[in-house]
Amino acid sequence: MTATPESVVHPSSDAEVAEIMIDASREGVGIFPLSSGHRAHPVRGERPYLELSTTRLDGIVEYEPADLTLTARAGTSLATIDEALRAHGQWAPFDPPNVGERSIGGLAAVGDSGPLWMGYGELRNHVLGMTVVTGDGRMLSLGGRVVKNVAGYDLLKPMVGSRGSLAVVTSVCLRVYPEPSVDRVLLLRRDRLSDLVAAAHSVGTAPVMPVSSVLVDRTGVNESPALVIRLHGVEETVGADQASLEGHLGIVFEQAPSATALCTAVRDRGATSNVVLVASALPSALSEVIRALERLEPETIVADTYAARFRVGLSQADPEAVGNARASIERLGGTLRVARFPADGAEVGPTSEPSPAEKDLIIGIEKTFDPMGVLWPARSRR
Amino acid sequence: MTRPLAPDVVRGLTEIVGAANVITDPDRLLVYESDGLSAYRVSPRAVVLPGTSDEVAAVVTLLHLEGIEIVPRGAGTGLSGGALPTPDGVVVGTARMNRIIEIDPENRLARVQPGVINARLTEATQPYGLFYAPDPSSQSTCTLGGNVAENSGGPHCLKYGVTSRYVTGLTVVLAGGRIVKLGGAGRDSAGGLDLVGLFVGSEGCFGIATEIEVRLLPIAEGVRTLLGIFETMEAAGHAVTEIMGSGLLPAAVEIIDRATIEAVEASIFAAGYPTDAGAALVVEFDGTEAGLDLGADRAEKCCFEAGAREVRRATSEAERAALWKGRKKAFGAMGRIAPDLLVQDATVPRTKLPEVLARIAEIGERYDLKIANVFHAGDGNLHPNILFDRKNAEELDRVERASTEIMHLCVDAGGTITGEHGVGIDKRGYMSLVHNETELEMLRSVRAVFDPDRLFNRGKVLPDPLAET
Amino acid sequence: MSTTTGSGSLASALEAQRERLLPCVHCGFCLPACPTYNRLGDEADSPRGRLHLMQAVVDGRLDAGSDAFHTHIDRCLGCRACEPVCPSGVEYGTLLELARETATRARPQGKLTRALLAVMGSPALRAVFFLGGRTLRSLGVARLAVRLIPAGARLGGIRLAFAMLASSSPPGRRLQKAPVNAVPSRAIGAVAVADDDSVGPVPRGSRGRVAYLEGCVQRGLFERINQATVRTLEANGYEVVPVAHQGCCGALHAHGGDLRNARRLAGANILVFEGVEIDYVAVNAAGCGAAMKDYGTLFESNQEMSTRAEAFAAKVRDVTELLSQAGPRRGAPVSCSVAYDHPCHLLHAQGVAQEPLDVLRAVPGIDVRLIDRADECCGGAGIYGITHPELGGRIGRDKVAAILREEADHACTPNPGCMMQIGAGLLLEGSSDVAVHPIELLDESYRRAGYYSATGDSQ
């Protein structure tokens, strides 16, 4: 059912990427862009395809600390970028799973910003510019390297999160931030995840906004479920914010002893399970979504409570159960999708789709960028 | 001369929205011949003012069948001519669709009709301790539908980001009158493409948003505002670099230059800025009360280290308003001292600001024009204002040439031709400075996905009228 | 493109005002302040749109006699809410008067408007008109007519006229019956009343000599407010000087675009008031006060007259400004709640917002509730409700609804025109209440305090 690639190509320049795309269009070969060597999508279909790796499109192109912008080629790892930024007291406030190992191009293509979006905005708001090569080999420069950078329609927005369905990303310009002087991590533990929902709600309506608020079923071996809150700022504001939150919630938080280790554990939890589902809903539906997801008997549940976005790790998926969970979540106005398919190519079950009208527009845009249907994930949708 | 609509089209429109909301008298249409950019004037064939999504859809259907161009219009405050009528077009205004449909404090969301005024939304959400963050200078009058079309910014978007960060869902009427729901706060766009993000900022060329879902934020506990007075623009620019580089995250950083200070102080809006100062810098912090003085102290230190002559600090709302007055009244004041005013808009990397400003001054001298600068220094968004008199044709020509040079200058410095006013009709000719033909063609094709017959706002944003016919 | 037509006379008022139109940069900040734009959504019914039409007339692109110019200039309430929000300081009120003059020269106004202006402009006609009005009012005919004439019928205008007449009745016992204690009847949302009574009795005349404008409508239907004006000013240390032979201030004429008669009336009054030695001219009607403060502009084309007009205008004060400036002295408790609305010609045209509230705060026991959108016009605007029944009715109903939401004992606003519009609105909504002027409440408070007793303790 799933096909295997003919080979992996490693272009080292935009022009080479374009050449590959043009050749592929002519030969009727499919292209599957790989950013950091990982892919979560099964490839289904008869036609031969190549994997295109961006690992050789590597390196920071431009970094002007005073402008708070950094441009890097697509294959540059976030760890490399982070190192460069930290040297100037700056950072990129994204915390999707295993962020350090990921490449900036892949991250932008997936569009996953992690729970820190609550305090800093989503990744799509931080991508100031991109260079891409479309399915038919056209090289485009989108956006720029200034904070307000859109002259014309904002093609960056659909590009971020398009997962390779429109073009191969070859470089990304990011808006970066000064590092906070204090990063305080607060914990609230309860025996059951559902016992933390009320507290999570209160955080979502508190006059003080933490930079992230995450519910996690377990923070380590033998640990109980927790609500993990992060506050950024200077000592005075973090202290005041904590007091204000505690006052609003009527509880006292535990301060995490090793904040970094805990945040990393929460951030990566369950991201490499055999099957990973992502559920979204409105925060008011947190409890119902948890109930629907618990019926899948997941290995892990992590929820960004401000977005009401859940990441659920499963050892294996029962398509019927996944279908039921999807139906319940869609009834709540939310969505359920697969973020990682099982390695064995087994069926996961029906997940949420854009509406037919949205789908029409999406297909139209895909055809605009990739008229020959070279880019694999796009083709599978048509 | 505009062609009147055929009687049966007028009848059709009247049946949809009622006679009072279809305007066809050429005299009455005069008031629609410009938006906030009054340098351009085109009378539309008619103006239709629908009251509901369904009415918009019916109007669009009818006009589409007749092949008549549609020009969407909000409050008509845009500064790039985005709502300028086309001679063959009908203006569809959203002024009557001004209802806040729902405020949902639990999820920090609001759903509004497109004609709701930006500031009214914040007024309405205040009782819940919430506000709507994007604050364009025209927020007391501009509408959310217009903000969506232009992806509006404002002084405080330095910290909070522009409109697209806050729009979570849209109901739009597309070509042919299709009503389509895009996104939604509970729905994960990663399952498809970010169509909401693409629609925001499409300048009325994709369709008309008839319902808008936006995210709200909790109102900051406190605010501190500083006004720094500097001898030279360089010193003020230096202070900005220091502040931004020191790890502080101000909510707004605004500069007005000497020419603007002079204009303000000479007007009925005198704000008490010293007229011999080279620049005035407004820095604002908001957030947790406990940290505000700390931030303000550090910013004040940055100002003095950069050579500030004086730093004033506001601790009450009245004092805050007084410090902002010179900045906020700048455009009005300039309107008093010159018959015409061209408000330019461009962005450059912040570090290039001093260099670019010096070059703009040089351009002003060379063309013998008064150019006064007001800008969002924190994100490098410049608003050079050229003062002139339209009736002087020779001067008008110099204004145009100077304007073009400024655009080239900003693009060469690594910036772009618009920060927040949009391309509209005014910047259309500069699009080729920032996009090659391949990119322009891509923009045209994406627009065609939404509006294959190019009836919405034809002739806006994209250059080369050939492609539009 | 249209050109100017025969009348040629439009090389007149507006034409000369090019300079006044120039500051408008078409920014649109005025749109949301405009009651007609807010309801109709048509820019031709917004200040920016009307200014654009005026500019088009000046530029010769629009005929001053056109339907468009006539309709949209006429449909303006003249509330001037657009002025405080204008970043360029466009003098809209002045331009509107000139535009109306230009429009009426090109095409005469409706019969009703002309008739009313004629009545107000002539002392004899005025006397007869208001005598008739008072008679109908006292016989209860007005109130009866409101009940008998069906709503929404062809006779709606007449019904509204009777309602306005009925609503000019004094609050009478309703006010006098208000309890005598210092705790507001409903203290929720009460505005704090200063506890200290720092302003004690002041010798009469120590604060200056004041003449007051008797006014047309005030004298005709609201004589009680004129009397309260005299009494409260005197109780606050002013000496009130009578000025005989004064007439109409001309505000209605100016607002209607009849600038010639406005100047005639204003000139006559300036002359009469120049005959007495005074420090201030007190006015208890916002529209009159706004016009009188602006006499300098009215006569700006006449050097000699404009100096005199400016000297006169400099003395004009709303009665609440004078009272506020004097403290005002606190009276005895009148325990009631009031739903307060700002008159446009006080708030927008004169920038007087706080002073009427100061007057109310001098009355212990009053719970002042500022109504929602108190800064928006009530739709009174002279006879707007009769000339524009549908739109005026909508604006009026919105205002009445905002007042009723406050569930206060009285509607309160410091302008007779607004009092009649709001009172009529209340009456048509089935309420028997009338609106009161703040100084009526202060007057009642002083009466209870015994400041007017024969011996008088205000020495």
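The structure displayed is predicted, hence computed values, not measured ones. (Residues numbered from 1 in each chain as written. Chains lettered and ligands numbered in written order. Predicted model: local features only at pLDDT ≥ 70, side-chain atom pairs only at ≥ 80, totals over all residues. Heavy atoms only, no water.)

1. Quick look at the packing of helix α7 (residues 197-204) of chain A against helix α10 (residues 286-294) of chain A
Residue and element names in this part refer to chain A. Contact geometry for α7 and α10: axes closest at 10 Å, N-to-C directions at 140 degrees. Between α7 and α10, the crossing angle belongs to the class labelled oblique. Regarding α7 and α10, the two cross each other, and that crossing is right-handed. Counted together, Val-197, Ala-200 and His-201 of α7 and Leu-286, Ser-287 and Ile-290 of α10 form the full contact between these two elements. When grouped by side-chain class, the residues that make up the contact of α7 with α10 number four nonpolar, two polar and no charged. (Axes fitted to C-alpha atoms, helices over the stretch in contact; angles between N-to-C directions. Helix = DSSP H or I, 4+ residues; strand = E, 2+ residues; numbered from the N terminus. Parallel < 35°, antiparallel > 145°, perpendicular 65-115°, else oblique. Left-handed = near helix turned anticlockwise from the far one by under 90°. Contact = heavy atoms within 4.5 Å. Nonpolar A, V, L, I, M, F, W, Y, C, P; charged D, E, K, R; others polar.)

2. Re helix α23 (residues 416-428) of chain C
Residue and element names in this part refer to chain C. With 13 residues, α23 extends 18 Å between its outermost C-alpha atoms, agreeing within 8% with the 18 Å of an ideal straight helix rising 1.5 Å per residue. Where burial is concerned, most of α23 is hidden: 11 out of the 13 residues are buried. Looking at the residues trailing α23, positive phi occurs at Gly-430, about 95 degrees. (Expected span 1.5 Å × (residues − 1). Buried < 20%, exposed > 50% of the residue type's maximum accessible area, 1.4 Å probe, protein only.)

3. Some thoughts on the interface of chain C and chain B
Interface extent is often summarised as the accessible area lost during association of the parts. On the chain B side, the residues contacting the 33 residues of chain C number 36 residues. Our enumeration of links across chain C and chain B arrives at three salt bridges. Here Glu-33 of chain B makes a salt bridge to Arg-61 of chain C, at a shortest N to O gap of 2.4 Å. Our count for the contact surface shared by chain C and chain B stands at 13 residue pairs in polar contact (both at pLDDT 80 or more). Elements with a contribution of two residues or more to the side of chain C that touches chain B: α2 (35-40), α3 (47-58) and α4 (67-74) of chain C. With five residues, the single largest contributor to the side of chain C that touches chain B is α3 of chain C. When grouped by side-chain class, the residues that make up the side of chain C that touches chain B number 17 nonpolar, 11 polar and five charged. (Salt bridge = Lys/Arg side-chain N within 4 Å of Asp/Glu carboxyl O. Polar contact = N/O pair within 3.5 Å; in protein donor to acceptor, adjacent residues only side chain to side chain.)

4. Brief notes about the sheet that holds strand β8 (residues 167-173) of chain B
Strand pairing in a sheet relies on backbone hydrogen bonds. The paired strands run either parallel or antiparallel. All names here are of chain B. Pairing in this open sheet of five strands is antiparallel, and the strands run β5-β6-β10-β8-β9 from one edge to the other. Because the sheet does not close on itself, it has two edges, and the strands there are β5 (100-104) and β9 (179-183). Averaged over all pairs of adjacent strands, the angle between their axes in this sheet comes to 10 degrees, without regard to strand direction. Two strands pair when backbone bridges link them, and strand β6 (residues 109-112) and strand β10 (residues 208-215) are joined in this way by four bridges, in the antiparallel orientation. Pairing of Arg-111 across the sheet is with Glu-213, part of β10. (Pairing = 2+ DSSP bridges.)

5. A closer look at the packing of helix α12 (residues 223-235) of chain C against helix α24 (residues 438-449) of chain C
Relative orientation and spacing of two packed helices are given, respectively, by the angle between their axes and the distance between those axes. Residues and elements named next belong to chain C. The N-to-C vectors of α12 and α24 enclose an angle of 55 degrees; their axes lie 9 Å apart at closest approach. If you check the angle between α12 and α24, you find them oblique. Judged by the twist between their axes, the crossing of α12 over α24 is left-handed. On α24, the residues touching Arg-224, Ile-225, Ala-228, Thr-229, Arg-231, Thr-232 and Ala-235 of α12 are Ile-439, Glu-440, Leu-442, Asp-443 and Tyr-446. A per-class count over the contact of α12 with α24 returns six nonpolar, two polar and four charged.

6. Considerations on the domain arrangement of chain A
Residues and elements named next belong to chain A. Here chain A is described as being made up of domain 1 (8-54 + 369-379), domain 2 (60-178), domain 3 (180-264) and domain 4 (270-355). For domain 1 versus domain 2, the distance between C-alpha centres works out to 21 Å. In total, about 1,800 Å² of surface goes out of reach between domain 1 and domain 2, with carbon and sulfur atoms giving 66% of it. Counting across the domain 1 and domain 2 interface gives zero salt bridges. The interface formed by domain 1 and domain 2 contains four residue pairs in polar contact (both at pLDDT 80 or more). The set of elements that each furnish at least two residues to the side of domain 1 that touches domain 2 consists of α1 (14-27) and α13 (376-381). When residues in the side of domain 1 that touches domain 2 are grouped by element, the largest group, seven residues, is from α1. Residues that form the side of domain 1 that touches domain 2 fall into these classes: 13 nonpolar, seven polar and two charged. (Domains from an automatic or database assignment. Buried area = accessible area lost by both parts, 1.4 Å probe.)

7. Description of the nonpolar core
In terms of nonpolar packing, the biggest core is built from 128 residues, with Met-130 of chain A together with Leu-170, Phe-199 and Leu-281 of chain B touching the most fellow members. Residues within four places of Phe-199 of chain B in sequence aside, it is in contact with Val-148, Leu-170, Val-172, Leu-174, Leu-182, Phe-206, Gly-207, Ile-208, Ala-209 and Phe-450 of chain B. (Core = buried A, V, L, I, M, F, W, Y, C linked by side-chain atoms within 4.5 Å.)

8. Some remarks on the interface of chain A and chain B
At the interface, 71 residues of chain A touch 81 residues of chain B. Summed over both partners, the interface of chain A with chain B buries about 6,100 Å², with 59% contributed by carbon and sulfur atoms. Taken as a group, Lys-148, Tyr-153 and Leu-361 of chain A account for 16% of the area that chain A buries against chain B, more than any other trio of residues on that side. Put simply, chain A and chain B have three salt bridges between them. In this structure, the salt-bridge partner of Arg-337 of chain A is Asp-188 of chain B, at a minimum N-O distance of 2.5 Å. On the surface where chain A and chain B come into contact, there are 19 residue pairs in polar contact (both at pLDDT 80 or more). In terms of residue count, helix α12 (residues 356-369) of chain A provides more of the side of chain A that touches chain B than any other element does, nine residues in total. A breakdown of the residues in the side of chain A that touches chain B according to their chemical character gives 32 nonpolar, 22 polar and 17 charged.

9. Points about the pairing of strand β12 (residues 212-216) of chain A
Residues and elements named next belong to chain A. Counting buried positions along β12 gives five out of five residues, so the element sits mostly inside the fold. Side-chain alternation along β12 places Ser-212, Val-214 and Val-216 on one buried face and Ser-213 and Leu-215 on a second face that is also buried. Relative to strand β13 (residues 226-233), β12 runs antiparallel, the two being bridged by five bridges. Residue pairing in the sheet places Val-214 in a bridge with Val-228 of β13.

10. Digging into unusual backbone geometry
Looking along the chain, the bond that leaves Gly-327 of chain C and enters Pro-328 of chain C is cis, with omega of -20 degrees. Assignment of secondary structure puts Pro-328 of chain C in the loop between α18 (319-325) and β5 (336-340). In this structure, Ala-308 of chain A takes a positive phi of about 55 degrees despite not being glycine. Relative to the elements of secondary structure, Ala-308 of chain A occurs in the loop between β16 (300-304) and β17 (309-314). Residue classification places Ala-308 of chain A among the buried positions, given a relative accessible area of 0%.

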